[in-house]
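# Descriptive analysis of the structure
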Amino acid sequence: MTAPTAPAARRVDRVFDKVDLGPTAMSARSSLIIPPGRDSWTDPFLLMGEELVNQPGFEWHPHRGMETVTLILDGVLEHGDSMGNAGELGPGDVQWMTAGRGVIHREVAARSEHAHVIQMWLNLPSHKKLVPTGYQDLRAGKHAVHTEPGVLVQVISGATGAVRGPAVNHWPILGMVITLDPKAEYRQVLDGSERTFAYVIAGRLTVGGRTVRAGQIAWSDPVSGQGDPTTLAFAAADADEQAAVLLFSGRPIGESVVAHGPFVMNTRAEIAQAYRDFHSGGFGGIPGHTSLPAGA
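A brief look at the structure comes next. (Residues numbered from 1 in each chain as written. Predicted model: local features only at pLDDT ≥ 70, side-chain atom pairs only at ≥ 80, totals over all residues. Heavy atoms only, no water.)

## So, the overall build of the protein
Helix and strand content of the protein: 2 helices and 27 strands. Its C-alpha radius of gyration of 19 Å places the protein within 12% of the 19 Å reference for a compact globule of 296 residues. In terms of overall dimensions, the protein has a C-alpha envelope of 65 × 40 × 35 Å along the principal axes. Looking at the protein as a whole, 51% of its 296 residues are labelled buried. (Helix = DSSP H or I, 4+ residues; strand = E, 2+ residues; numbered from the N terminus. Rg over C-alpha atoms; globule rule 2.2 N^0.38 Å. Buried < 20%, exposed > 50% of the residue type's maximum accessible area, 1.4 Å probe, protein only.)

Here it is as structure tokens:
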């Protein structure tokens, strides 16, 4: 009887520092973690930024053809949209917004304070570009949890072992926040056909044997065919400090990407149509009750 083959160990192919953009018109501090336009390196992930949102925040703007995944690190983010939805997101909450055929929305710091957030843009395949718009508010206390000695894995999307995150996907994505106590180690099983990134939120750790510190992102490219298991190893590098890392993994879509402003499609003609639809009211209007009442 032949012993089962151990999953292949993944390596880290590249590590980048986040790029500090300083204050902007929308936020007190802005950084780019995944710059746009490097699709061959990042597919299916389009871009990711870190913001300290204050006033005025990201007032009304449209999207089509992609999804946004927003993680609140600190503070409270208020949101509203052209479908009449409104709400607040607090520390540890994640919002998974499917822009799909089109939405107009806003994201501002609640009660004129601040919100420290990470937001990723996730691509959709061509046959899913115009799916109905929708929100999933994934509250901190309702993430699926996997624990090992010294390790807490909060699963947002996809499955790891017997644990499945609450997000419903249009394209299969594994997403989680991993917290490691000092000197703790953890191995995450990943599909070999997927591209994976690990962004270090806090602390310092080794990822696939390479040291990565807070504010850096490590990328691991696909290594084998779909369904082949691989593992990515994590180890907290400091003896007296926890490490926290945001891990996302997904199979590359492999289609052309044409992005212009807030729209992400496959052709320039589709971008032009998105602008026509937006300007003709096809994304809906801005309802007056999407701002929360003062003191809410």
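There's more to say after this.
## Concerning the nonpolar core
Ile178, Leu180, Leu205, Val207, Phe234 and Leu247 are the most contacted members of the largest nonpolar core, which totals 25 residues. Those elements giving two or more residues to this core turn out to be strand E15 (151–157), strand E18 (173–180), strand E19 (185–191), strand E20 (195–202), strand E21 (204–207), strand E24 (229–236) and strand E25 (243–250). When residues of this core are assigned to their parent elements, the largest contribution, 4 residues, is made by E18. Dropping the residues within four chain positions of it, Leu180 is found in contact with Gly150, Glu185, Tyr186, Leu205, Phe234, Ala235, Ala236, Gln242 and Ala243. Residues Val94, Ile118, Leu122 and Tyr199 belong to the second largest nonpolar core, which totals 24 residues. (Core = buried A, V, L, I, M, F, W, Y, C linked by side-chain atoms within 4.5 Å. Contact = heavy atoms within 4.5 Å.)

## A few points about helix H2 (residues 268–279)
Its 12 residues place the ends of H2 17 Å apart at the C-alpha level, agreeing with the 16 Å of an ideal helix rising 1.5 Å per residue. Residues of H2 that are buried: Ile271, Ala274 and Asp277. Within H2, the buried residues cover an arc of 125° as seen down the axis, which keeps them to one side. Exposed residues pointing more than 90 degrees away from the buried face of H2 are listed as Arg268, Ala269 and His279. Next to the buried residues of H2 lie strand E26 (258–260) and strand E27 (263–265). One or two steps after H2, the chain reaches Gly281, where phi turns positive at roughly 90°. (Expected span 1.5 Å × (residues − 1). Arc of directions from axis to C-beta.)

## Here's the deal with unusual backbone geometry
Pro44 follows Asp43 through a cis peptide bond whose omega is 15°. By secondary structure assignment, the location of Pro44 is in the loop between helix H1 (39–42) and strand E5 (45–53). The phi torsion at Lys183 lies on the positive side, around 70°, for a residue other than glycine. By the secondary structure assignment, Lys183 is in the loop between E18 and E19.

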